[in-house]
Amino acid sequence: MTAGQTETRRRHQVEELCAAAVRALTGDPALHFRARRLHRGREPLPLHAPHLRHSADDDLVSSRGIADGMALRLTTSDAALHRSLCPPDPAERGIFELLEQFRVESLPPPELPGMRRNVRLRHLRWSLEFHRSGLTETARGLLLYTVAQICRSRIAGEPVVEETEELIEATRFALAPRLGHDLAGLRRHRTDQKAFAEHALAIARTAGGLLTATERGAEDDGDPTDPRFSLLIDFDASHGDQIPSATAGTSRTLGESGATYRVFTTAYDSERRASDLVRPGLLTELRERLDRRVGRQGVGPGRLARDLKAVLAVPTRDGWDGGQEEGHLDGRTLAQLISSPTERRIFRTERVEPVADTLVTFLIDCSGSMTAHAEPVAALVDLFARSLELAGAACEVLGFTTGAWNGGRPRREWIRAGRPQHPGRLNERLHVVFKDAETPWRRARPDLAALLKADLFREGIDGEAVAWACDRMRAREEERRILLVLSDGSPMDSATSLANDPHYLDEHLRETVLLQENTVEIRGAGVGLDLSPFYRRSRVLDTSVTSGYAPFRDVLGLFSPGVNVAGSRP
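Source: prediction; values computed, not measured.

Outline the overall build of the protein chain, listing residues and values.
Looking only at helices and strands, one finds 19 helices and 13 strands in the protein chain. Counting the 570 residues in the protein chain, one finds 52% classified as buried.

Rendered as structure tokens:
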């Protein structure tokens with residue numbers, strides 16, 4: 001097992017342990033962690049405080065502190081009462097949320113002393129991360145940090161962080177006259193949420209006013225959108241910011257009647273190479289545009305290839321190394337041993353090399369709504385195709401769309417036939433090959449740029465496309481096969497939905513994924529959308545990130561084997 005696989009498995013085990021602890025503490029069997037986020041079923045729960053956000057290098061104690069803090073929030077805070085009291089101002093609301101989290105973390109059951117230790121150590125770790133990131137060097141950062149430190153110290157009855165005690169002393173002294181009365185009230189009423197909230201609101205208003213004044217007066221504090229401020233203010237306190245989920249229903253046509261998926265006619269279906277659909281001159285222009293986007297992304301193929309190899313490669317026997325001083329006795333050196341009894345290099349050792357015997361297929365939804373995401377998706381796929389080749393893995397890039405809008409020729413034939421009931425799929429299926437597994441990335445570069453041609457994007461018939469991609473993969477000899485479906489929504493073909501029922505294609509996609517998963521590892525990469533209703537393993541991609549490694553790291557997380565990212569099977 002490679003180092004990357006070992007780390008992924010360790011992280012998964014930590015998530016499972018923390019999820020079990022939260023379920024035991026809350027009595028809610030639907031709670032589980034997915035992609036380091038606590039979910040109830042398929043719904044992500046809000047992060048009420050910045051120190052509840054996971055970071056990449058969290059150890060078991062830190063992760064347990066996050067889990068225990070979330071469990072205490074679920075069991076000791078009245079969510080409806082809290083929402084009714086939240087102030088509208090974002091800065092004041094952030095501080096108010098933080099104080100409520102500090103309140104619940106001060107109330108662990110006496111029989112669970114480890115819980116108090118876990119939440120304290122988690123807060124300590126977050127405090128040091130905040131300070132060492134340089135945010136306490138700004139007036140705003142120091143003010144917010146000081147408020148957080150003195151409030152938690154008073155509520156929990158614990159000292160402030162020793163490393164920053166001298167740093168915050170002057171700000172603490174200046175705040176004391178303004179906050180002193182309400183700080184005492186926080187400790188006194190920590191078991192009464194409503195009474196506690198009166199003092200918390202007063203502190204939030206005071207601190208919010210000071211923060212506004214500081215922002216107006218300071219010119220050297222840097223950009224308020226600095227991503228480092230996520231250590232304090234980048235968290236969601238309500239369900240309003242949750243990621244939307246793909247709509248998936250049950251087909252009455254397929255479910256109640258026991259019918260099988262049908263296709264009205266395959267006469268107009270086609271499979272085309274991308275270069276056949278775009279004139280050469282335009283393809284050159286699109287490639288230049290894609291190259292500019294890839295350059296702005298700032299991701300080196302070498303780094304991505306190393307990370308891919310760490311995830312995909314497995315140790316493989318690759319012959320023997322002779323002339324060793326230990327190992328297996330090499331029969332070919334026995335004559336040498338007789339002639340030179342002191343010779344020690346008569347052994348051989350087995351040579352093991354990491355080999356990525358893997359085929360990765362990117363299946364891209366080329367429906368009309370994906371046009372808005374075409375450029376970032378094309379850049380992501382282009383870089384992955386190049387990097388997979390460097391890592392020694394095979395890669396295919398496929399797309400699916402329709403040959404026409406609103407049914408095209410099949411629908412016209414159906415109308416001429418008298419509109420028989422439940423005709424099944426009612427459009428011209430078009431499958432596009434942007435890069436096959438045998439074509440190297442350098443030769444496939446122009447074809448990949450066809451992803452930027454907007455008029456290729458029409459409607460999407462996902463289930464048949466998944467089956468087509470899996471059939472192509474099974475025809476190959478690679479030991480491991482991974483299909484990554486990039487889509488921004490549910491299957492949609494207007495003619496098929498109107499002639500059958502709205503969820504006809506949804507049901508077929510779910511059935512197809514369940515069937516094909518026996519031989520192919522299928523992943524869903526939702527472009528701004530949660531695809532877990534269709535794919536057992538899925539992750540949401542943020543294509544608004546125009547540079548950096550984050551989207552690639554999200555996709556890499558889907559390549560690790562045996563980790564259930566999306567929760568329950570659809």
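Back to the write-up after that little detour.
Any details on the sheet that holds strand β12 (residues 521-527)? Residues and values, ideally.
As summarised here, the arrangement of the 7 strands in space is β4-β10-β9-β8-β11-β12-β13, forming an open sheet in which the pairing is mixed. Each edge of the sheet is formed by a strand with only one pairing partner; in this case those strands are β4 (270-273) and β13 (538-541). Adjacent strand axes in the sheet meet at a mean angle of 25°, parallel and antiparallel pairs treated alike. In this sheet, strand β10 (residues 429-435) lies alongside strand β9 (residues 394-402) in antiparallel orientation, the contact comprising 6 bridges.

Give me the environment of Arg10: which residues, what numbers.
The topology assignment puts Arg10 in helix α1 (residues 3-26). Placed 50 residues apart in sequence, Arg10 and Leu60 show a C-alpha to C-alpha distance of 9.7 Å.

Describe in detail the nonpolar core, supporting the description with residues and values.
Counting residues in each nonpolar core, the largest one holds 57 residues, and the members touching the most others are Leu312, Phe362, Phe384, Leu486 and Phe559. Excluding its chain neighbours within four sequence positions, the residues that come into contact with Leu312 are Val355, Ala356, Thr358, Val360, Leu388, Ala393, Arg480, Ile482 and Phe559. Of all hydrophobic cores here, the second largest spans 49 residues; its members include Ala19, Ala49, Ile66 and Ile95.

Could you give an account of the sheet that holds strand β1 (residues 31-34), with specific residues and numbers?
Strand order in this open sheet of 3 strands is β1-β2-β3, and the pairing throughout is antiparallel. Both outer strands of the open sheet, β1 and β3 (43-44), are each paired with one neighbouring strand and no more. Inspection of the sheet shows β1 paired to strand β2 (residues 37-40) by 4 bridges, in the antiparallel sense. Looking across to β2, one finds that Arg34 is bridged to Arg37.

Describe the environment of His422, listing the residues and the values that go with them.
For His422, the position within the fold is in the loop between α14 (408-416) and β10. Considering only alpha carbons, one finds His422 and Arg262, 160 residues apart in sequence, at a separation of 8.5 Å. For His422, the contacting residues outside a window of four places in its chain are Thr253, Arg262, Ala499 and Asn500.

I'd like a rundown of the pattern of salt bridges, residues and numbers included.
A side chain of one charge can pair with a side chain of the opposite charge when the charged atoms of the two come close. For the coordinates displayed, the defined rule picks out 31 salt bridges. Ionic pairing is found between Asp291 and Arg445, a salt bridge with its closest N-O pair at 2.9 Å. Of this pair, Asp291 sits in helix α10 (residues 280-297) while Arg445 sits in helix α15 (residues 441-448), and the two are 154 residues apart along the sequence. Look at Asp291 and you get partly exposed, because its relative accessible area is 32%. Arg445 gets classed as partly exposed once you look at its relative accessible area, which sits at 21%. Salt bridges sharing partners connect three or more residues here, namely Asp269, Arg425, Arg429 and Glu464.

Let's hear about α14: which residues, and what values?
Taken together, the buried positions of α14 are occupied by Gly408, Pro410 and Trp414. Projected down its long axis, α14 shows its buried positions confined to an angular sector of 155°, all on one face. Contacts made by the buried residues of α14 are with α17 (494-499). Taken from the residues just after α14, Gly418 is the one with a positive phi, measuring 95°.

Which residues make up the packing of aromatic side chains, and what values do they have?
Applying the stated criterion across every chain yields a total of 7 aromatic pairs. Ring geometry for Phe130 and Tyr145: centres 5.3 Å apart, planes at 5°, overall stacked. Of the two residues, Phe130 is situated in helix α5 (residues 113-132) and Tyr145 in helix α6 (residues 139-156); the sequence distance between them amounts to 15 residues. On the basis of relative accessibility, which here comes to 0%, the residue Phe130 falls in the buried class. Given a relative accessible area of 0%, Tyr145 falls into the buried group.

Hey, could you go over the side chain of Thr265 for me, with residue numbers and the actual values?
Topologically, Thr265 is positioned in the loop between α9 (252-255) and β4. Sequence-distant contacts of Thr265, defined by excluding residues within four places in its chain, comprise Pro410, Glu413 and Arg425.

Kindly report on the packing of α10 against α15, identifying the contributing residues and their values.
Two numbers describe how α10 lies on α15: the axes approach to 8 Å, and their chain directions differ by 105°. Viewed along their axes, α10 and α15 adopt a mutual orientation that is roughly perpendicular. Contacts between α10 and α15 pair Leu283, Arg287, Leu290 and Asp291 from the former with Arg445, Pro446, Asp447 and Leu448 from the latter. Residues belonging to the contact of α10 with α15 are distributed by class as follows: 4 nonpolar, no polar and 4 charged.

Basis of the calculations
- Residues numbered from 1 in each chain as written.
- Predicted model: local features only at pLDDT ≥ 70, side-chain atom pairs only at ≥ 80, totals over all residues.
- Heavy atoms only, no water.
- Helix = DSSP H or I, 4+ residues; strand = E, 2+ residues; numbered from the N terminus.
- Buried < 20%, exposed > 50% of the residue type's maximum accessible area, 1.4 Å probe, protein only.
- Pairing = 2+ DSSP bridges.
- Axes fitted to C-alpha atoms, helices over the stretch in contact; angles between N-to-C directions.
- Core = buried A, V, L, I, M, F, W, Y, C linked by side-chain atoms within 4.5 Å.
- Contact = heavy atoms within 4.5 Å.
- Salt bridge = Lys/Arg side-chain N within 4 Å of Asp/Glu carboxyl O.
- Arc of directions from axis to C-beta.
- Phe/Tyr/Trp six-rings, centres within 6.5 Å; stacked < 30°, edge-to-face > 60°.
- Parallel < 35°, antiparallel > 145°, perpendicular 65-115°, else oblique.
- Nonpolar A, V, L, I, M, F, W, Y, C, P; charged D, E, K, R; others polar.

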